[in-house]
Amino acid sequence: MIQLIDKFRREHRLTAGEYKQLLLCRDADTLEYLRMQAQEVTFGRFGNEVFIRGLIEIGNQCHNNCYYCGIRIGNRSLPRYELSREMILDCCREGYRLGFRTFVLQGGESSSMTNEWIEEIVSAIHGEFPDCAITLSLGEKFRDAYERFFRAGANRYLLRHETYNKEHYRLLHPAVMSYDKRLQCLYRLKKIGYQTGTGMMVGSPGQTVDHLVEDVLFIEQFRPEMIGIGPFIPHHDTPFASYPAGSVEMTLRLLSIFRLMHPAALIPATTALATLVADGRERGIQAGANVVMPNLSPTEQREKYSLYDNKASFGAEAAEGLRQLAERLNAIGYKISNSRGDYEAARNE
Ligand code: SF4
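Let me begin by describing the structure that accompanies this report.

Counting its regular elements, the protein chain contains 14 helices and eleven strands. For 349 residues, the compact-globule formula gives about 20 Å, and the C-alpha radius of gyration of the protein chain, at 19 Å, lands near that figure. Residue pairs in contact within the protein chain that sit at least 24 positions apart in sequence constitute 75% of those at least 6 positions apart. Working note: accessible area of the protein chain is about 13,900 Å², and carbon and sulfur atoms make up 51% of it. The distance from the centre of the 42 positive side-chain charges to the centre of the 43 negative ones in the protein chain is 2 Å.

Written out as structure tokens, the structure is:
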């Protein structure tokens, strides 16, 4: 297995069978070796710097009904909100003051947030903060909309594929949602020129190791600039309420695999990881992650962006807790970077 990991580090790819071997490995020393290789590769590429992104959850309305998601339309007990243009700009102003140079606008797919409105917000943020990167995470749109947001100043787009297996996709989503459309959107985003992020939940209901191998092979060939993975965490108001959370250990293992596969990728230590275990963020960084996304949303709305139960959005997960985050990163030998942390810049270093 050690030789296999060495080969992976050198060549950045494995066969499906070899990925499966890594995913099924139970030997603690081998897994520690994998983690150390990933940490070394990250360090060689980015030093001990971790990029920060200010996450602004702009609205929790969504017309979709993904079975794992707490803000799905079928959850009638959740109070809904939508931030105004001015509130979003205020979040950016506060974020800029704190040192953020990337803003991530995240929200459900809602017809009340029209494409014109989104375009206008992106343009306003770009106009006021021309030195900042703008990342969108607003779901599936037509090509025209993605192009308009891009022209208005958006640079990056996050859209998790969630699973590359069609039957598994059907298990996680209602029949009206389309696996093909999700993938089509991802290819569109790349073609337009976005730094594109994708990824999946680890341990989602019905997920098998073979599904994970399919996800890994997809990410190998798609070459996303950003890779977002976190453990599945159930939400009490969803059909998956009684399912167990995904494995932290498997999430960390996959982070290391993706780091060895795509050394220049921007890989967050996700909030879901930090929610499940107290030192999840630190362990994510030590496994090969190089991004954290503290929450910049107005504090009174944070609990309503309830994707899963007990989602962390305060303390070191919050923008105002940046000092706490810096201290925790310092304790493991890392520091916050104040740069935008673009993919191209990282690759050319
Ligand atoms: S996962 Fe995204 S698209 Fe699905 S219901 Fe939740 S917010 Fe909507």
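Residues L4, I5 and F8 constitute the buried set of helix α1 (residues 2-11). Across the axial projection of α1, the buried residues extend over an arc of 95°, all falling on one side. Facing away from the buried side of α1, by more than 90 degrees, are the exposed residues Q3 and R10. Residues of α1 that are buried sit in contact with α2 (16-24), α3 (28-46) and α10 (248-261). H12 sits one or two positions beyond α1 and adopts a positive phi of about 65°.

Under the criterion given, the structure shown has 15 aromatic pairs. Their ring planes at 75° and their centres at 6.5 Å tell us that Y146 and Y194 sit as a pair that is edge-to-face. Separated by 48 residues along the polypeptide, Y146 in helix α6 (residues 143-152) and Y194 in the loop between α8 (179-192) and β6 (195-198) bring together distant segments of the chain. The exposure classification of Y146 matches that of Y194, with both residues buried. An aromatic cluster is defined as three or more aromatic residues linked by ring pairs; in this entry it consists of Y164, Y169, Y179, Y187, F218 and F222. A cation over a ring is seen here: R101 above Y96, with NZ or CZ 3.5 Å from the ring centre. Note that K181 overlies the ring of F142, its terminal NZ or CZ placed 6.0 Å from the centroid.

Let us look at the pairing of strand β1 (residues 49-52). Of the strand pairs in this sheet, β1 and strand β11 (residues 335-337) are connected by three bridges, and their pairing is parallel. When the sheet's bridge partners are listed, E49 is paired in β11 with K335. Bridge count for β1 against strand β10 (residues 291-292) is two bridges, and the pairing is parallel. Within β10, the residue paired with I52 across the bridge is V292.

All residues in the neighbourhood of the ligand are listed as C62, N64, C66, Y68, C69, I71, R72 and G108. Split into classes, the residues belonging to the shell around the ligand amount to five nonpolar, two polar and one charged.

Glancing now at the sheet that holds strand β3 (residues 102-107). The sheet built from six strands is open, its strands ordered β2-β3-β4-β5-β6-β8 with parallel pairing. Two strands bound the open sheet, and with one partner strand each, they are β2 (54-59) and β8 (226-227). Across five bridges, β3 lies against strand β4 (residues 133-137) in parallel orientation. The residue of β4 that forms the bridge with Q106 is S137. On the sheet, α8 packs against β5 (156-158) and β6 and is oriented at approximately 155° with respect to β6.

Let us look at the sheet that holds β10. If you trace the three strands from one edge of the open sheet to the other, you get β10-β1-β11, paired in parallel fashion. With one partner strand each, in any of the chains shown, β10 and β11 form the two edges of the open sheet. Contacting β1, β10 and β11, helix α13 (residues 322-331) runs over the sheet at an angle of about 125° to β11.

With respect to the helices and strands, R101 occurs in the loop between α4 (85-98) and β3. Linking R101 and D131, residues 30 residues apart in sequence, is a C-alpha distance of 7.1 Å. A distance of 3.1 Å separates the side chain of R101 from the backbone oxygen of Y96, its partner in a polar contact.

Rules used throughout
- Residues numbered from 1 in each chain as written.
- Predicted model: local features only at pLDDT ≥ 70, side-chain atom pairs only at ≥ 80, totals over all residues.
- Heavy atoms only, no water.
- Helix = DSSP H or I, 4+ residues; strand = E, 2+ residues; numbered from the N terminus.
- Rg over C-alpha atoms; globule rule 2.2 N^0.38 Å.
- Contact = heavy atoms within 4.5 Å.
- Areas by Shrake-Rupley, 256 points an atom, 1.4 Å probe, with all protein chains shown as cover.
- Lys, Arg positive; Asp, Glu negative; His and termini not counted.
- Charge placed at Lys NZ, Arg CZ, Asp CG, Glu CD.
- Buried < 20%, exposed > 50% of the residue type's maximum accessible area, 1.4 Å probe, protein only.
- Arc of directions from axis to C-beta.
- Phe/Tyr/Trp six-rings, centres within 6.5 Å; stacked < 30°, edge-to-face > 60°.
- Lys NZ or Arg CZ within 6 Å of the ring centre and 35° of its normal.
- Pairing = 2+ DSSP bridges.
- Near = heavy atom within 4 Å.
- Nonpolar A, V, L, I, M, F, W, Y, C, P; charged D, E, K, R; others polar.
- Axes fitted to C-alpha atoms, helices over the stretch in contact; angles between N-to-C directions.
- Polar contact = N/O pair within 3.5 Å; in protein donor to acceptor, adjacent residues only side chain to side chain.

The values are spatial; any link to function lies outside them.
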